[in-house]
Amino acid sequence: MDAAGELVSPKQVARAIGVSESSLKRWCDTGRIPTTRTAGGHRRMRIADVIRFVREEQQPLTTPEVLGLPPVTDGAQLGLRRGGERLADALLAGQAESVRRLLFDLYFAGHSLSLLCDQVIAAALHEVGRRWECRTAEVYQERRSCEIVQQALSEFRRLLPPTDSQWTALGATLSDDQYTLPGMMADLVLRDCGWSATNLGPSIPADSLASAVATQRPRLFWLSVSYFTDEADFVAQFTVVAEACRNAGSLLVIGGQMLNEPLRRRLQFGSHCDSMQQLESLARSLRKRWPRRRNSRGVSRTR
Ligand code: B12
């Protein structure tokens, strides 16, 4: 069962939300929380549906630990900007548990995943970068910050809705580009929009990405560009990937700190996004605009 399909019982959810089991069962039976039944007739809910109910109905979680989630702390009151500042301090100090609790507090307060990525996590990592640049932070603190954020972000997967294998997306960074967070964020944000996303990871040669696109034929291919040593070589590599996307009918979506306007004018791509919020709105609008793919017999198919 994929993480998003994880099931929980009314007893667990009632304890996590701090309501009686009978009220919770009533919410199940009135359809406020999508519910299935076991062979023995017991109610079960997907954790993703419980979390959507909690966030949409602003139903405070009293004991999220019951659902394997971090305890509630005061993060929700901080808001996004101060949340980002608190996160930068916790990252530089290597406080993984504080980072985890802060991100979940802000998520349960109703902030979208894409907003947390852009205005809290990226903002905090930019601050870590500024400290590195002015020698008040070390490279190990940069790397550790990324590890801590990746650990926390990987826990969000189990809270996301099931993905639709019709909407396939693949992504990576090119050779030399070791940056992992933008790719992980794009993967999570696309899954949050119901896309079946696969992050191939950092620093992959263009030829290999081109063959991945040719064989997988994703509907969307994302490329994050945070670093390259030689612009001409980067453009040459990029062109190989862009060609493969054109041949496979995959929309090439690009983003990243290195993609300034003059460089973008030298590149052929489908869409440029400066943030995860832009990616989210693109991913949701494509699902509305694009038809489902059909095979020769007119049956909807996943590729
Ligand atoms: C962590 C880090 C590292 C780590 C990365 C580890 C890892 N696992 O990723 C390590 C130690 C490897 C590293 C190395 C270097 N680093 Co460094 N690093 C950083 C740091 C602090 C954070 C990077 C990060 O993850 N940011 C968080 C992400 C999420 O933010 P983001 O990239 O802005 O992405 C957002 C948007 O751009 C957008 N986006 C980005 N990509 C995409 C893709 C798509 C599809 C979409 C839709 C959106 C999108 O959405 C994101 C969320 O809002 C940055 C500081 C900074 N300003 O980011 C410096 C920074 C990028 N590094 C810098 C430098 C110079 C280096 C080195 C060259 C240092 C050296 N001399 O060795 C090397 C180069 C390594 C290489 N070959 O890749 C400079 C770059 C300056 C420049 N532009 O030239 C920075 C800016 C630090 C600084 N202030 O000077 N670094």
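Preceding this paragraph is the structure being described.
This report concerns the structure included in the present document. Residue numbers here run from 1 along each chain, matching the order of that chain's written sequence. Given that the model is predicted, a residue must reach a pLDDT of at least 70 before its local features are reported, and side-chain atom pairs must reach 80 or more before they are shown or counted; all residues, however, enter totals for whole chains, interfaces and linings. Side-chain numbers here rest on the full set of heavy atoms in the structure, without hydrogens or water.

Topic: the site of the ligand
Link 1 in the chain: The local shell around the ligand holds 31 residues, among which D118, H126, Y179, T180 and Q257 are the closest.
Link 2 in the chain: Identification of polar contacts relies on pairs of N or O atoms within 3.5 Å, with a donor-acceptor requirement for protein atoms, meaning one able to donate a hydrogen and the other able to accept it, and with residues adjacent in sequence counted only if both atoms are side-chain atoms. Measuring from an oxygen atom of the ligand, one finds a backbone N or O atom of Q178 at 3.2 Å.
Link 3 in the chain: Within the side chain of Q257, a nitrogen or oxygen atom sits 2.8 Å from an oxygen atom of the ligand.
Link 4 in the chain: We place a 1 Å grid over just the protein atoms. Points where a 1.4 Å probe fits but has no way out form a cavity, open points with protein on both sides within 12 Å along at least 5 of 7 lines form a pocket, and any residue with an atom within 4 Å of a point lines it. The rule for placing a molecule in a cavity or pocket is simple: more than half of its atoms must lie within 2 Å of the grid points. Under a 2 Å grid-point criterion requiring more than half of the atoms, the pocket assigned to the ligand is the largest pocket.
Link 5 in the chain: In this text, helices come from DSSP runs of H or I with a minimum length of four residues, and strands from runs of E with a minimum of two, each type numbered from the N-terminal end. Secondary structure elements with two or more residues in the shell around the ligand: α6 (113–133), α7 (139–154), α8 (181–192), β6 (220–224) and α12 (276–289).
Link 6 in the chain: Broken down by element, the shell around the ligand gets its largest block of residues, eight residues, from α6.
Link 7 in the chain: For this scheme, ten residues count as nonpolar: Ala, Val, Leu, Ile, Met, Phe, Trp, Tyr, Cys and Pro. Four count as charged, namely Asp, Glu, Lys and Arg, and the remainder, Gly too, count as polar. Residues that form the shell around the ligand fall into these classes: 16 nonpolar, nine polar and six charged.
Link 8 in the chain: Delimitation of the domains relies on an automatic or database domain assignment. Looking at the shell around the ligand, you find at least three residues from each of domain 2 (75–157) and domain 3 (163–297). Working definition: residue near molecule or strand if any one of its non-hydrogen atoms lies within 4 Å of it.

Examining the pairing of strand β7 (residues 251–255)
Link 1 in the chain: Of all five residues in β7, five are buried, a share of seventy percent or more.
Link 2 in the chain: Under the scheme applied here, a residue whose accessible area is under 20% of the maximum for its type counts as buried, over 50% as exposed, and between as partly exposed, the area being computed with a 1.4 Å probe on protein chains only. Burial along β7 is two-sided: the residues L251, V253 and G255 and L252 and I254 are all buried.
Link 3 in the chain: Of the pairings in the sheet, the one linking β6 to β7 comprises five bridges and is parallel in character. Each residue of the ladder has a partner; that of S224, found in β7, is G255.
Link 4 in the chain: Note on the crossover from β6 through helix α10 (residues 231–248) to β7: the handedness is right-handed.
Link 5 in the chain: If DSSP finds at least two bridges between two strands, the strands pair. Sheet topology places β7 next to strand β8 (residues 271–272); two bridges connect them, and they run parallel. Within β8, the position partnered with I254 by the bridge is H272. A clockwise path from the first strand over the helix to the second, with the strands pointing away from the viewer, defines a right-handed crossover.

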